[in-house]
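Fold and contact review
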Amino acid sequence: MSRPEDTLPPDLFYNDSESRKYTTSSRIQHIQSQMTHRALSLLSLRSPSLILDIGCGSGLSGEILSTFSPETNPGGPHTWIGLDISSSMLAVALEKEVEGDLFLADAGQGVPFRPGTFDAAISISAVQWLCNAESTEESPAGRLSRFFNGLYASLRRGGRAVCQFYPKNDEQKKMVSSAAVRAGFGAGLLEDDPGTKSAKTYLVLTVGGGELDGDITGVVRGMEGVDVMDSRRRTKGRKRGEEAKGSKGWIMRKKEQMERKGKVVKTNSKYTGRKRRIAF
Amino acid sequence: MKLLTLNFLTCARKACKATNAAFPLHPKDAELEIVEVELSPLFVRNILPRVEWEALRTLCQDLGLPQLPATAPEPGELFTPNPSDGVEGEGIEEVGEEGEPTQTLKDLHHVLLETTIREGKLVCGSCGHEYAVKEGIANFLLPSHLV
Ligand SMILES: C[S@@+](CC[C@H](N)C(=O)[O-])C[C@H]1O[C@@H](n2cnc3c(N)ncnc32)[C@H](O)[C@@H]1O
Ligand SMILES: [Zn+2]
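Quick notes on the rules
- Residues numbered from 1 in each chain as written.
- Chains lettered and ligands numbered in written order.
- Predicted model: local features only at pLDDT ≥ 70, side-chain atom pairs only at ≥ 80, totals over all residues.
- Heavy atoms only, no water.
- Helix = DSSP H or I, 4+ residues; strand = E, 2+ residues; numbered from the N terminus.
- Buried < 20%, exposed > 50% of the residue type's maximum accessible area, 1.4 Å probe, protein only.
- Contact = heavy atoms within 4.5 Å.
- Areas by Shrake-Rupley, 256 points an atom, 1.4 Å probe, with all protein chains shown as cover.
- Axes fitted to C-alpha atoms, helices over the stretch in contact; angles between N-to-C directions.
- Parallel < 35°, antiparallel > 145°, perpendicular 65-115°, else oblique.
- Nonpolar A, V, L, I, M, F, W, Y, C, P; charged D, E, K, R; others polar.
- Core = buried A, V, L, I, M, F, W, Y, C linked by side-chain atoms within 4.5 Å.
- Donors = N, O, S within 2.8 Å, 3.2 Å for Na, K, Ca; no water.
- Tetrahedral: all angles 85-135°; square planar, octahedral: opposite > 155°, others 65-115°.
- Buried area = accessible area lost by both parts, 1.4 Å probe.
- Polar contact = N/O pair within 3.5 Å; in protein donor to acceptor, adjacent residues only side chain to side chain.
- Pairing = 2+ DSSP bridges.
- Near = heavy atom within 4 Å.
- UniProt positions renumbered as here; feature names shortened; annotations may be inferred.

**Quick word on the overall build of chain B**
The secondary structure content of chain B amounts to six helices and four strands. Along its sequence from the N terminus, chain B presents helices and strands in the succession α-α-β-α-α-α-α-β-β-β. Split into buried and exposed, the 147 residues of chain B put 44% on the buried side. In chain B, the share of contacts with a sequence separation of at least 24, taken over all contacts with a separation of at least 6, comes to 65%. In the form shown here, chain B has an accessible surface area of approximately 7,400 Å², with 50% of it arising from carbon and sulfur atoms.

See below:
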């Protein structure tokens, strides 16, 4: 099967007819719902939370988040905010009168919420789209980094995110997960049914520093096929989730703190926190 | 878009992220709509500490909504103190050991979750960019030169 993201940009691929076809297919409904439940169980939310859904589409996941269920959504009902780049998908969501707020937005441009907004985030079958740049001004790596940096900042300390995505190959899997780690997340990859046609990849992300166990291994420990790619080895001796003084993550957090106190801070750039080269 | 959501939203432009004026965004020509949402007392309790109260108060003022108190309600004002000797049955299960939701909690629910912006624009106080809101959906796609 050809990969849709290799054929067209997402907003063109998910046009009116494709969005409708997608949403009404009972096969797709079933698969998306299964993956949403899997993601919810990995998030293990204990009480009604504020959740960001990246690439929310027509709200198939959102409908599950909005519904309390003692078995599959014990912490719910959750309140969610969805971002999607396809206005046709969002139009279908509107028709269905989903409960979440919807934004027409490109996750590759960042996440426009203030720091610490969300308890959790999910993304089902969307992140592989970020591995394509739609113009020459952007690169997949740049888009991934804007996305994960924005996501990291928008989650509260101790928050979690689960992104199910369809990596094209190992290289892409690595590109996505390392972008997340570079943004500051503790990250683990979970594979369901590896090697089969229905293989599913979940990137499980944690933001340290909360009252919850932010340790990624706590989330996926004992699960089969889990690959923990936490960068903790580098941060030995420090508390989990705390960045090295002077690192990019540390500087960004300090800036956030200062901003919150009303101080004007310098705009972050891709050079923020990089060692400066000696100028001659 | 719920007023709750607007209370978390910032300008998407990179140049604005670091400035104070990029939050909150200011509604312009806003058309409001009340959309009923089932009360979730625990959600209101969870989210209240994260709400920027001053921004919410100013917003309500600007939109001509009833005035909010000067400071955010305390957690203790959200539930009645006596859970166990309340009425049997409805409500109790939902709120666990918290007792009944107070009118304050219900008012917060109404302002934050049921009051929505249906049409209009959201303007960044830093760069002046206007984000259009149509049928409750805000357009945050940036032209590439503004990213
Ligand atoms: C396979 S659909 C999944 C939709 C929904 N998550 C679900 O499970 O039903 C992929 C979605 O990702 C969205 N998408 C692709 N690239 C995106 C981007 N850069 N920003 C936001 N959404 C994007 C598409 O428009 C599409 O709605
Ligand atoms: Zn701005």
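**Points about the packing of helix α2 (residues 16-24) of chain A against helix α3 (residues 26-43) of chain A**
Residues and elements named next belong to chain A. Remark: α2 packs on α3, axes separated minimally by 5 Å, with the N-to-C direction vectors making an angle of 70°. As summarised for this structure, α2 and α3 are arranged roughly perpendicular, according to the angle between their axes. Of α3, the residues touching α2 (which contributes Tyr22, Thr23 and Thr24) are Ser26, Ile28, Gln29 and Gln32. Of the residues in the contact of α2 with α3, the class split is two nonpolar, five polar and no charged.

**Looking at the nonpolar core**
Residues and elements named next belong to chain A. In terms of nonpolar packing, the biggest core is built from 73 residues, with Phe148 and Leu151 touching the most fellow members. Not counting residues within four places of it along the chain, the set of residues in contact with Leu151 comprises Leu52, Ile54, Val111, Ala121, Ala161, Phe185 and Leu205. Grouped together as the second largest cluster of nonpolar side chains are 24 residues, Ala39, Ile122, Ile124 and Val204 included.

**Things to note about the coordination of the zinc ion (ligand 2)**
Residue and element names in this part refer to chain B. Distances from the zinc ion (ligand 2) to its protein donors, Cys11 (SG), Cys16 (SG), Cys124 (SG) and Cys127 (SG), fall at 2.3 to 2.4 Å. Each of the four donor atoms around the zinc ion (ligand 2) contributes to a set of angles spanning 103 to 114°, which defines the coordination as tetrahedral. Sequence spacing among the residues donating to the zinc ion (ligand 2) works out to C-x4-C-x107-C-x2-C.

**Considerations on helix α4 (residues 53-62) of chain B**
All names here are of chain B. Of the residues making up α4, those classed as buried are Trp53, Ala55, Leu56, Arg57, Leu59 and Cys60. Residues of α4 that are buried make contact with α1 (3-6), β1 (26-34) and α6 (103-114). Positive backbone phi, approximately 75°, marks Gly64, located one or two places after α4.

**Structural notes on the interface of chain A and chain B**
By a widely used convention, the size of an interface equals the accessible area lost when the partners come together. Counting residues at the interface gives 36 residues for chain A and 34 residues for chain B. Between chain A and chain B lies a buried interface of about 3,000 Å² when both sides are counted; carbon and sulfur atoms form 54% of it. At the surface where chain A touches chain B, the tally comes to 17 residue pairs in polar contact (both at pLDDT 80 or more). Broken down by secondary-structure element, the contributors of at least two residues to the side of chain A that touches chain B are β2 (79-84), α5 (87-95), β3 (101-104) and β4 (118-124) of chain A. Split into classes, the residues belonging to the side of chain A that touches chain B amount to 16 nonpolar, nine polar and 11 charged. Bridging between β3 of chain A and strand β4 (residues 137-139) of chain B involves two bridges; their strand directions are parallel. Following the sheet pairing, Leu104 of chain A is matched in β4 of chain B by Asn139 of chain B.

**Observations regarding the site of ligand 1**
Residues and elements named next belong to chain A. Taken together, 21 residues sit near ligand 1, with Tyr22, Gln32, Gly55, Asp84 and Asp106 positioned nearest. Here a nitrogen atom of ligand 1 and a backbone polar atom of Ile124 are 2.9 Å apart. The separation between a nitrogen atom of ligand 1 and a polar side-chain atom of Arg143 is 3.5 Å. In isolation ligand 1 has 590 Å² of accessible area, and contact with the protein removes 98% of it. Tallied by class, the residues present in the shell around ligand 1 amount to 13 nonpolar, five polar and three charged.

**Focus on the UniProt feature "domain: Methyltransferase type" (unreviewed entry) in chain A**
If you check UniProt for "domain: Methyltransferase type" (unreviewed entry), the listed places come out as residues 52-162 of chain A in our numbering. What you have in residues 52-162 of chain A is 27% helix and 25% strand, and the ends, taken at the C-alpha atoms, are 11 Å apart.

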